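# Topology and contacts: notes
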Amino acid sequence: MIIMKKTKNEKINNESIGVVETQYYTFAEPGREYKFESGDKLGPITLAYETYGKLNKDKSNAILALHALSGDAHAAGIHRGQDDPGWWDNMIGPGKAFDTSRYFVICSNVVGGCKGSTGPSSLNPATGKPYALDFPFITVADMVHAQRHLIDFLGIDKLLCVAGASVGGMQVLQWVASYPERVRSAIPIATALKHSPQQIAFNEVVRQSIMSDPAWREGNYYEYGQPEKGLSVARMIGHITFMSDQSMEEKFSRRLKNDKFSFGFDADFEVEGYLRYRGANFVKRFDANSYLYITKAIDYFDLSGGKLISHGKNIDTRFLIISFKSDWLYPSHQSQEIVRALKRRHVDATYCELTSSYGHDAFLIEVDEQTTLIKHFLDKTFNGYLVTGNYGI
Amino acid sequence: MESNSINLDHRIIYSIIEPDARVLDLGCGEGELLYPLVRDKRIRAQGIELNDKAIQECVKKGLSVFQDDIENSLREYPDNSFDYVILNQSMQEVKKVDCVIQETLRIGNKVIVGFPNFAYIKSRLMLFFKGKSPITGSLPYLWFDTPNVRFLSITDFKNFCVEKNIRIVEAHYLGEKELVHLWPNLLAMNAIFVLTKRKNQAT
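Keep in mind the model is a prediction, meaning the values are calculated, not measured.

Once that is clear, we can look at the interface of chain A and chain B. The partner chain B presents 26 residues to the 24 residues of chain A that form the contact. Looking at the side of chain A that touches chain B, the elements with two or more residues in it are helix H8 (332-344), strand S12 (349-354) and helix H10 (367-383) of chain A. In the side of chain A that touches chain B, the residues fall into 11 nonpolar, 6 polar and 7 charged.

Printed below as a string of structure tokens:
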């Protein structure tokens, strides 16, 4: 079976942060409920988060890492007694792209998620039962506003950087749109300024596959167990969009699981087996309602048409935008749309389309080139022009 | 790199640009020109470059670069976004030269253009006596392997500026090691012009 976390340079273990623990922060206590963009109010809200490295005295070295659709607060290191490193462990750690010997890195699970932050599967204190569909609809802005409460709690006035890929990248852009004065630099990776009709269409198929499973029970399945069929098919669709034609050819080609056709509807091809395995595994670790809520939040996302930087405002946030050549889920032209929005406003920015055959998954796999770009970009942001070296004249 | 081996064209452009200027370098390569300007003159620099390896080198130097080709890269910039737009040794690689020059004049107050002179004496001699496509210090490529798509002389470019109503503010003619003052269209290997819009052309 293929291990997705495997990276090109196997430096994981010798440079890992080591054992980390998830922490929890609760806000919007009774009487001070948080008002969602939809207008609905809810409280209290808990965010699960982890931190790596040390916050410096003037609190100027904090980086907020933002996870993608099914990610969580566990971005780096390992949890006690477990082997799996965090989802961006190859990028966060001592000497890595986000160098924890210099920077203080924070990662929190989004509101609406199911990995320790308050979401549809959390217990409603009023009823003692999970919120299910009583949970307010969320937007990417809600995710960001909730994170802002956490950043306030940590006493950080201005983040050195916000960084993330995919939906994490949308949160990066939303941070700049909502709190430009609190972000020194932004690294949106493999993401978009708005969700396109094709992307909404994929998410709608994902949602329909969950909601058409009778086990979904209009969202009230918590006593009975997850809508496994629907959720696993939803995830299978996702995995197709995360890979590329070429990476699927390289991984599976037309190889058969057994030597001959079954002439039945078993998984004959390796690619079928892979998708089934991925789908079945996902059901064990992710709440179906959270998947519905978060995909909807992504579809609502739209910072095009001048909404990224409010009119008449100048921002001094620096940008590093990265896309991947074979990523057809968030193709490069969407990153270039971000670039165009920044050019119109004279924002200091770098854009690079990295060569990769891994499709959208590339942001988890293409470590070396991302590391070079991110490391130096952060160095410049943190230190200004103290780049050493004699480059002439 | 030793300072005395730095290309003469870079030294001339370096001396033209004032401190704190806003500068866009089209085809900035590894930032060999922008980096010293940022370091010594604190310019606000933006590069445009297609090659990903070159972009990585720029980022290592702390420079900001967009990966794009020159022709697509200019449209979004508002008028007068930069004090200088540099088009050094990249104009001859551009197909729509006229459009690109007009766009650079729109987004930049001044445009610095540097290009190899096709009418340089060595080119003429190669063509005339050997009957071969010229290969010189500034035009080093074989005919089938050249990134250049436009071949022009200093006289061609001056005529172009007259026809397009573009004002030439400064002209520098470069020989192999030093500046050329006599018969530039014959003796200069490279030329650097500083251009602006004519006043009546300003929109």
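The discussion continues.
Our next topic: unusual backbone geometry. Note: most residues except glycine have negative phi, and most peptide bonds are trans. Cis peptide bonds are those with omega within 30 degrees of zero, and the linkage from A:Gly43 to A:Pro44 qualifies with -10°. Even without being a glycine, A:Arg217 presents a positive backbone phi close to 50°. Assignment of secondary structure puts A:Arg217 in the loop between helix H3 (197-211) and helix H4 (228-242). Look at A:Arg217 and you get partly exposed, because 13 C-beta atoms sit within 10 Å. The backbone of B:Trp183 shows a phi angle near 40°, a positive value even though the residue is not glycine. A residue is classified by how many C-beta atoms lie within 10 Å of it, and B:Trp183, with 11 of them, is exposed.

Further remarks concern helix H1 (residues 140-153) of chain A. All names here are of chain A. With 14 residues, H1 should reach 20 Å at 1.5 Å per residue; the first-to-last C-alpha distance of 20 Å fits that figure. Val140, Ala141, Asp142, Met143, Val144, Ala146, Gln147 and Ile151 are the residues of H1 that are buried. Buried residues along H1 sit in contact with strand S4 (45-52), strand S5 (62-66), strand S8 (104-108), helix H2 (167-178) and helix H7 (288-300).

Moving on, we come to the packing of H10(A) against helix H3 (residues 52-60) of chain B. It is at 8 Å that the axes of H10(A) and H3(B) come closest, and there the two elements cross at 30°. In this view, H10(A) runs roughly parallel relative to H3(B), as classed from their interaxial angle. For the pair H10(A) and H3(B), the crossing hand works out as left-handed. Between H10(A), through A:Glu369, A:Thr372, A:Leu373, A:His376 and A:Phe377, and H3(B), the contact on the second element is made entirely by B:Gln56, B:Val59 and B:Lys60. Here the contact of H10(A) with H3(B) is composed, by residue class, of 3 nonpolar, 3 polar and 2 charged.

Here the focus is the pairing of strand S7 (residues 190-197) of chain B. Residues and elements named next belong to chain B. The sheet contact formed by strand S5 (residues 108-116) and S7 spans 6 bridges and is antiparallel. Each bridged residue has a counterpart across the sheet, and for Pro116 the counterpart in S7 is Asn190. Here 8 bridges tie strand S6 (residues 166-174) to S7, and the two strands are oriented antiparallel to one another. For Glu170, the partnering residue across the bridge sits in S7 and is Val194.

The rules behind the values
- Residues numbered from 1 in each chain as written.
- Chains lettered and ligands numbered in written order.
- Predicted model: local features only at pLDDT ≥ 70, side-chain atom pairs only at ≥ 80, totals over all residues.
- Contact = placed C-beta atoms within 7 Å.
- Helix = DSSP H or I, 4+ residues; strand = E, 2+ residues; numbered from the N terminus.
- Nonpolar A, V, L, I, M, F, W, Y, C, P; charged D, E, K, R; others polar.
- Buried ≥ 20, exposed ≤ 12 C-beta atoms within 10 Å, placed from the backbone.
- Expected span 1.5 Å × (residues − 1).
- Axes fitted to C-alpha atoms, helices over the stretch in contact; angles between N-to-C directions.
- Parallel < 35°, antiparallel > 145°, perpendicular 65-115°, else oblique.
- Left-handed = near helix turned anticlockwise from the far one by under 90°.
- Pairing = 2+ DSSP bridges.

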